[in-house]
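# Residue-level structural notes
Now for the letters of each chain:
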Amino acid sequence: FYGTYGQSTSPPVPKVMATWEAISLGKQSVPEYFNFAHDMLDLWSQLEKAGHRPPNPAFWWVNGTGAEVKWTFEELGKQSRKAANVLEGVCGLQPGDRMMLVLPRLPEWWLIIVACMRTGVVMIPGISQLTEKDLKYRLQASRAKSIVTNDSLAPHVDAISADCPSLQTKLLVSDSKCPGWMNFRELLQEASSQHSCVRTKNQDPMAIYFTSGTTGAPKMAEHSQSSYGLGFMASGRRWVALTESSVFWNTTDTGWVKAAWTLFSAWSNGACVFVHELPRVDAKTILNTLCRFPITTLCCVPTIFRLLVQEDLRRYKFQSLRHCLTGGEALNPDVRDKWKSQTGLELYEGYGQSETVLICANIRGSTIKSGSMGKACPPYDVQIVDDEGNVLPPGEEGNIAVRIRPTRPFCFFNCYLDSPEKTAASERGDFYITGDRAHVDKDGYYWFIGRNDDVINSSSYRIGPVEVESALAEHPAVVESAVVSSPDPIRGEVVKAFIVLSPAYSSHDPETLTKELQEHVKRVTAPYKYPRKVAFVSELPKTVSGKIQRSILRNQEWGR
Ligand SMILES: Nc1ncnc2c1ncn2[C@@H]1O[C@H](COP(=O)(O)OP(=O)(O)OP(=O)(O)O)[C@@H](O)[C@H]1O
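Worth saying up front: this structure is predicted, and the values here are computed from it rather than measured.

## Quick notes on the packing of helix α2 (residues 36-49) against helix α3 (residues 73-88)
- It is the contact of α2 with α3, at a shortest axis distance of 8 Å, that shows an interaxial angle of 140°. Considered as vectors, α2 and α3 are oriented oblique to each other. Helix-helix and strand crossings are classified by hand; for α2 and α3 the assignment is left-handed. Residues L41, D42, W44, S45, E48 and K49 of α2 pack against F73, E74, L76 and R81 of α3.
- Tallied by class, residues from the contact of α2 with α3 come to 4 nonpolar, 1 polar and 5 charged.

Encoded structure:
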C-alpha cells in the first residue's frame, strides 16, 4: 500500500504547484531551503494577482455577532509582513527564538503564525484554556522568549512570569492596554509592510507542539520548516479534497495541532480557511453557521459529531457543504451512519498525531469500510509491528508504526525536544512506534483498537475500548461512553463502561438499563466484550481538545 493513494477524484493542482505536490507525495526530494510563507503563500498571492485563482478569500473570520474579517492572499501577505516586522523590531526576536502563542480563535493567530515563518521564529501554539500551572510548565520547558496572548490570559502569565527567566517580551492582542505588555494591534498598525522573508533550511525548526497529554505529561514535538509546510499538500487535495474554491472550516481550538493541519492543508492548496470565533462550542451554532456561510468542507472531532447527530439535522439546510472529515479520536460507526443518513454526506476519518502528518485516512472517492480509519497515506510507509519492530502479517494486532529507517520522512517531527530518551523510546528497529494498537486487513485498511495503555486484558481476552464504545453508541440511550479496565478478583480485570445517557433515558431505572445495555453489547459484538460493570455519569473527563481521558477513569478504578 506504500506510495499509493488509491483512486483519487481530486482535481489536479495548478502547474506551478506540481513540484510541491510531487515532493509532498515523496516522489521528489525536498530542496535544501524551504519556507512556507515565501514558497507557498507568496506564490498563491502571485497566482491570485494574475487571475489564476477564483475570487475566494484566503482567510475568512466571523464571530457570530456580525463582525467579519476577509483577507485575500495578497492582504494576508501584507498583514503578515507587518506582523513579521513587529516580531523582529520591538520584540527583537531572531531566527530560532521561540514564541508561545495562546490565543482564542482571533484573526491575529493566523497572522502571527505566518509572521513566525517569515522571521524564522519557532512558534509554540497553546490552547487558551491553559491554567497557570500549564503555562508555567510550557514556558519553562520550551524556554520561550516571547508570548502572545489576550486579556483573559495575561494576568495568569503575569502570575508565573517571574518563574520563567527566558521570557523577555509579552504581546497582548487586545483593544486595551495592560501594564508590562506591548499592544500587538497598535504595533501592527504602525509597522511597515516591507519585509524580506528569512531563508530557512528545510530542516530548521518551525514549530514545537506539546502533545495533548492524554497519557502523561505533554511532550514537545519539534517540527521542521518542511514537515508541516510540505507534508499536508497532497493529503489536503486527497483527504480534505480542497481546491482553490474550497472554504474549509475546522472547529478546532487554535492551540491544537489540528489548527495547523488545517492551515497548511488549506493554504498549500490555495483554499480558504474559514474560522468562527466560537466562544462556546455548541451544536446549534455549528449547524446554523453551515447554513449561513458557503462552507464547502467541515472537520470536527468525533466528540462534536456525537453532539451534532443528537440534533434534528433535517431541519438545517447547509448552503454549500459537500465534504466532511473527522479525526483525533476513533469515530463510532453509528455516528457516521447517523450523520450520513440525515445529511446525505459521508464522514471521512483520518488518523495522525502531533508528531506526524496524516498517517491513515479514508480519502475522498475511496470505498469506506465502516469502523476502519482507512489506508496508509504517502509518503509514509505504515506497518503493524510487534514490540521488537518486526512487521506483522494482515489480521494480527500490533503497534501502528511508521518506517523511519533508512530514511526518516521529511514530514515527521525532528525529535522530542530535550528528551533523547523519549525520542529513542518511541523507536523500535526501523520504525517509529505511535503508541496505538491496530490491525491491517488484506486490503490495506487499518482498524484502530486503542492506545497501548487503553487495551483491556480480561481473562486473557484483549479488548479494545473503541469496539465496546461503538457498540454502546448504537443504543439510543447512549450519548457517549468511555470503556476502561476495572479490577476483578477472578478475571484480573474486567470491562467497565462509564456512560452519558441521552435526556430521554436519564430517569430510567439504572439496574434495568444496565442489563439492557449489557444485552445490547452482547448482541452487536462478541459477547466476551460486554461491560460487566456500568456507571452512569453526567460527563466524561476530556482533554481540552475534546478527547476522552480514559486514563483518569482507569486510575480511579485501580485506586492509583
Ligand atoms: N482516527 C483516529 N482514531 C483513533 N484514534 C485517533 C485517531 N486520530 C488520532 N487518534 C488518537 O490521537 C492520538 C494523537 O493525538 P495527539 O498527538 O494530540 O496526542 P495524544 O496522544 O492525545 O497526547 P499524548 O501523546 O501526550 O498522550 C493518536 O495517537 C491516537 O491515539
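Next comes the rest of the write-up.
## Describing the packing of aromatic side chains
- Applying the stated criterion to the full structure yields 24 aromatic pairs.
- Arranged with centres 5.7 Å apart and planes meeting at 75°, the rings of W249 and F274 form a pair that is edge-to-face. Of this pair, W249 sits in strand β10 (residues 247-250) while F274 sits in strand β11 (residues 272-276), placing them 25 residues apart in sequence.
- Classification of F274 by relative accessible area gives buried; the value is 1%.
- Of the aromatic side chains, those joined through ring pairs into one cluster are F36, Y209, Y228, F232, W261 and F264.
- Note that R138 overlies the ring of F210, its terminal NZ or CZ placed 5.1 Å from the centroid.
- If you follow R199 out to its NZ or CZ, it ends over the ring of Y33, 3.8 Å from the centre.

## Overview of the nonpolar core
- Grouped together as the largest cluster of nonpolar side chains are 131 residues, with contacts concentrated most on Y228, W267 and W339.
- Sort the elements by how many residues they give to this core and helix α4 (residues 107-119) lands first, with 9 residues.
- Once you skip the residues sitting within four places of it in the chain, W267 turns out to touch F36, L41, W44, A58, F59, F73, L76, W110, V114 and V273.
- By size, the runner-up hydrophobic cluster in this structure holds 22 residues, among which are L167, W181, I208 and L417.

## A closer look at the packing of α4 against helix α10 (residues 257-268)
- As a packed pair, α4 and α10 sit with axes 12 Å apart at the nearest point and diverge in direction by 75°. By the angle between their axes, α4 is roughly perpendicular relative to α10. Along the contact surface, α4 presents W109, W110, I113, V114 and M117, while α10 presents A259, A260, L263, F264 and W267.
- Residue classes in the contact of α4 with α10 are distributed as 10 nonpolar, no polar and no charged.

## What to know about the environment of V301
- By the element assignment, V301 lies in the loop between β12 (297-299) and α12 (302-308).
- Overall, the relative accessible area of 12% leaves V301 in the buried class.
- Considered as a pair, V301 and L331 are 30 residues apart in the sequence and their alpha carbons are 8.5 Å apart.
- When neighbours within four sequence positions are excluded, V301 is seen to be in contact with W256, T326, G327 and S545.

## Comments concerning α4
- Between its first and last C-alpha atoms α4 spans 19 Å; for 13 residues at 1.5 Å apiece the expected length is 18 Å, and the two agree.
- Most of α4 sits inside the fold, with 13 of its 13 residues counted as buried.
- At the exit of α4 stands G120, carrying a positive phi of roughly 75°.

## Considering the UniProt feature "domain: AMP-binding enzyme C-terminal" (unreviewed entry) in the protein
- Under the UniProt annotation, "domain: AMP-binding enzyme C-terminal" (unreviewed entry) lies at residues 467-547.
- Counting secondary structure, residues 467-547 comes out at 27% helix and 31% strand; the distance between its end C-alpha atoms is 16 Å.

## Side note on the pairing of strand β15 (residues 358-361)
- Across 3 bridges, the pairing between strand β14 (residues 347-352) and β15 is antiparallel. Paired with G352 across the two strands is L358, which belongs to β15.
- Where β14 folds back onto β15 in an antiparallel hairpin, the turn is made up of 5 residues.
- Where β15 lies against strand β16 (residues 375-376), 2 bridges are found, and the strand directions are antiparallel. Counterpart to C360 in the pairing with β16 is A376.

Quick notes on the rules
- Residues numbered from 1 in each chain as written.
- Predicted model: local features only at pLDDT ≥ 70, side-chain atom pairs only at ≥ 80, totals over all residues.
- Heavy atoms only, no water.
- Axes fitted to C-alpha atoms, helices over the stretch in contact; angles between N-to-C directions.
- Helix = DSSP H or I, 4+ residues; strand = E, 2+ residues; numbered from the N terminus.
- Parallel < 35°, antiparallel > 145°, perpendicular 65-115°, else oblique.
- Left-handed = near helix turned anticlockwise from the far one by under 90°.
- Contact = heavy atoms within 4.5 Å.
- Nonpolar A, V, L, I, M, F, W, Y, C, P; charged D, E, K, R; others polar.
- Phe/Tyr/Trp six-rings, centres within 6.5 Å; stacked < 30°, edge-to-face > 60°.
- Buried < 20%, exposed > 50% of the residue type's maximum accessible area, 1.4 Å probe, protein only.
- Lys NZ or Arg CZ within 6 Å of the ring centre and 35° of its normal.
- Core = buried A, V, L, I, M, F, W, Y, C linked by side-chain atoms within 4.5 Å.
- Expected span 1.5 Å × (residues − 1).
- UniProt positions renumbered as here; feature names shortened; annotations may be inferred.
- Pairing = 2+ DSSP bridges.

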